[in-house]
Amino acid sequence: MMTAAAARKTELPSPTASQAHEVARLLPIEEVMSRCALGRTAIYARIKTRSFPAPAKVGSSSRWLSTEVDQWVRAVMASRPKAKAA
């Protein structure tokens, strides 16, 4: 039997309000590269440093959850310097 603490560790995080209406899709590497403007090597380097969502294995293929990739893009955009108002 799983303890309550162990069960909490395996739960998926609740979606934010902006993610609640999104439908998650499994994306192939080509679509991830297009959405992120990164190459394959850069994506896997960021996965290794845990600064990019890791893929799930579907058979012998790797697939990324679209909501996680989109969240990563939003975080990158939010962290960029803001332009000063004129």
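Overall, antiparallel pairing links the 3 strands, which are arranged S1-S3-S2 in an open sheet. Lying at the two open borders of the sheet, with one neighbouring strand each, are strand S1 (26-27) and strand S2 (56-58). Pairing analysis gives 2 bridges linking S1 to strand S3 (residues 61-65), with the strands arranged antiparallel. Within S3, the position partnered with Leu 26 by the bridge is Leu 65.

On to the packing of aromatic side chains, then. Geometrically, a pair of aromatic rings is defined through the distance of the ring centres and the angle of the planes. Using the criterion set out here, one finds 2 aromatic pairs in the structure. When the ring of Tyr 44 is compared with that of Trp 64, the centres are 6.0 Å apart and the planes differ by 70°; the resulting orientation is edge-to-face. Separated by 20 residues along the polypeptide, Tyr 44 in helix H3 (residues 40-48) and Trp 64 in strand S3 bring together distant segments of the chain. Tyr 44 gets classed as partly exposed once you look at its relative accessible area, which sits at 35%. Classification of Trp 64 as buried rests on a relative accessible area of 1%. Between Phe 52 and Trp 72, the aromatic rings sit 4.9 Å apart at their centres with planes inclined by 70°, giving edge-to-face as the arrangement. Of this pair, Phe 52 sits in the loop between H3 and S2 while Trp 72 is found in helix H4 (residues 66-78), placing the two residues 20 residues apart along the sequence.

On to the confidence of the model for the chain, then. Looking at the chain, pLDDT values average 84 and 73% of them are 70 or higher. Looking across the chain, the model is least confident in helix H1 (residues 4-10), with a mean pLDDT of 48, and most confident in H3, with 98. Scored below 50 in pLDDT, residues 6-10 shows 2 contacts in the model against residues more than four places distant or in partner chains.

Here we take up the side chain of Ser 62. With respect to the helices, strands and loops of the structure, Ser 62 is situated in strand S3. Ser 62 has contacts with Leu 27, Pro 28, Tyr 44, Pro 55, Ala 56 and Lys 57, leaving out every residue within four places of it along the chain.

About the cut-offs
Residues numbered from 1 in each chain as written. Predicted model: local features only at pLDDT ≥ 70, side-chain atom pairs only at ≥ 80, totals over all residues. Heavy atoms only, no water. Pairing = 2+ DSSP bridges. Helix = DSSP H or I, 4+ residues; strand = E, 2+ residues; numbered from the N terminus. Phe/Tyr/Trp six-rings, centres within 6.5 Å; stacked < 30°, edge-to-face > 60°. Buried < 20%, exposed > 50% of the residue type's maximum accessible area, 1.4 Å probe, protein only. pLDDT = per-residue confidence, 0-100. Contact = heavy atoms within 4.5 Å.

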